[in-house]
Amino acid sequence: MPEPAFTGVLQVCVVVRDLDAAMRTYWEEYGIGPWDIYEFNPETVQRLARDEQPSDYAMRLALTMIGDTQWELVEPLDDRSIYADFLAEHGPGLHHVAVGVDDFEGTIERVHVKGERVIQSGHYKGVSFAYLPTGGELGFIAEIFDRIPEGQKPDATYP
């Protein structure tokens, strides 16, 4: 039996059409928040890639903690991201789960050994992130980081 590929659940992500409306619903109807808001685009994120090719995509996202797990809401701002594809194909909903790994580069290499590509990636304020093509095998996309993202100052907060 192989060693476990993932060491823990770090984040759950929901893709939404309207980030402001989604945060308001989570906060006013479920008491979930407050939210830290960020914009990811070619000016704020380095090495943006899609299928391991340079790609300019943009999204607004909001983060909060529910217990020990970070929750993320993502609103695509164009049609070039995996989030936009998901929204067009499925509508709003659960998109990915970020998982811990012991070896970021080793995990990427295992994707390549299988003859597959990382489906989206980038580098934000010292943290590299990558989305693995696990949807067909596991029923969800897995996101990994090269280190735990923490300490980034948000662009805004809600409420």
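The notes below deal with the structure included here. What you are looking at is a predicted structure, and each value in this text was computed from that prediction instead of being measured.

1. Digging into the side chain of Asn41
Then step 1. In this fold, Asn41 is placed in the loop between strand E2 (35-40) and strand E3 (46-50).
Then step 2. Accessibility expressed as a relative area gives 12% for Asn41, which makes it buried.
Then step 3. Excluding anything up to four places from it in sequence, Asn41 contacts Leu48, Tyr57 and Ala58.

2. Overview of the pattern of salt bridges
Then step 1. Applying the stated criterion to the full structure yields five salt bridges.
Then step 2. Arg60 is the partner of Asp20 in a salt bridge, and the nearest nitrogen-oxygen pair spans 3.2 Å. One end of the pair, Asp20, is in helix H1 (residues 19-30); the other, Arg60, is in strand E5 (residues 59-66), and 40 residues separate them in sequence.
Then step 3. We note a salt bridge from Arg50 to Asp85, for which the minimum N-O separation is 2.2 Å.

3. With respect to the nonpolar core
Then step 1. In terms of nonpolar packing, the biggest core is built from 23 residues, with Phe40, Met59, Leu61, Phe129 and Tyr131 touching the most fellow members.
Then step 2. Those elements giving two or more residues to this core turn out to be strand E1 (8-15), E2, E5, helix H2 (82-90), strand E9 (127-132) and strand E10 (141-145).
Then step 3. With four residues, H2 is the single largest residue contributor to this core.
Then step 4. Sequence-distant contacts of Met59, defined by excluding residues within four places in its chain, comprise Tyr38, Glu39, Phe40, Val74, Glu75, Pro76, Leu77 and Tyr83.

4. Digging into the sheet that holds E1
Then step 1. The strand order across the open sheet built from 11 strands is E4-E3-E8-E9-E10-E7-E1-E6-E5-E2-E11, with neighbouring strands paired in mixed fashion. Bordering the open sheet on either side are strand E4 (53-54) and strand E11 (156-158), each of which pairs with just one other strand.
Then step 2. Where E1 meets strand E6 (residues 69-76), five bridges bridge the pair, whose relative direction is parallel. Note on E6: the bridge partner recorded for Val15 is Val74.
Then step 3. Along the sheet face, helix H3 (residues 104-113) touches E9 and E10 and points at about 25° away from the line of E9.

5. Some details on H1
Then step 1. Between the first and last C-alpha of H1 there are 16 Å, a value that for 12 residues agrees with the 16 Å anticipated at 1.5 Å per step.
Then step 2. All of the buried residues in H1 are Leu19, Ala22, Met23 and Tyr26. Each buried residue of H1 lies within a common arc of 100° when the element is viewed along its axis, so the set occupies one face. Counted as exposed and oriented over 90 degrees from the buried face of H1: Glu28 and Glu29.
Then step 3. Buried residues along H1 sit against E1, E2, E5, E6 and E11.
Then step 4. For H1, the N-terminal cap is Asp18; the gap from its side-chain oxygen to the backbone nitrogen of Asp20 is 3.1 Å.
Then step 5. Of the residues one or two after H1, Gly31 is the one with positive phi, at around 70°.

Rules used throughout
- Residues numbered from 1 in each chain as written.
- Predicted model: local features only at pLDDT ≥ 70, side-chain atom pairs only at ≥ 80, totals over all residues.
- Heavy atoms only, no water.
- Helix = DSSP H or I, 4+ residues; strand = E, 2+ residues; numbered from the N terminus.
- Buried < 20%, exposed > 50% of the residue type's maximum accessible area, 1.4 Å probe, protein only.
- Contact = heavy atoms within 4.5 Å.
- Salt bridge = Lys/Arg side-chain N within 4 Å of Asp/Glu carboxyl O.
- Core = buried A, V, L, I, M, F, W, Y, C linked by side-chain atoms within 4.5 Å.
- Pairing = 2+ DSSP bridges.
- Axes fitted to C-alpha atoms, helices over the stretch in contact; angles between N-to-C directions.
- Expected span 1.5 Å × (residues − 1).
- Arc of directions from axis to C-beta.
- Polar contact = N/O pair within 3.5 Å; in protein donor to acceptor, adjacent residues only side chain to side chain.

Distances and angles like these do not, on their own, reveal function.
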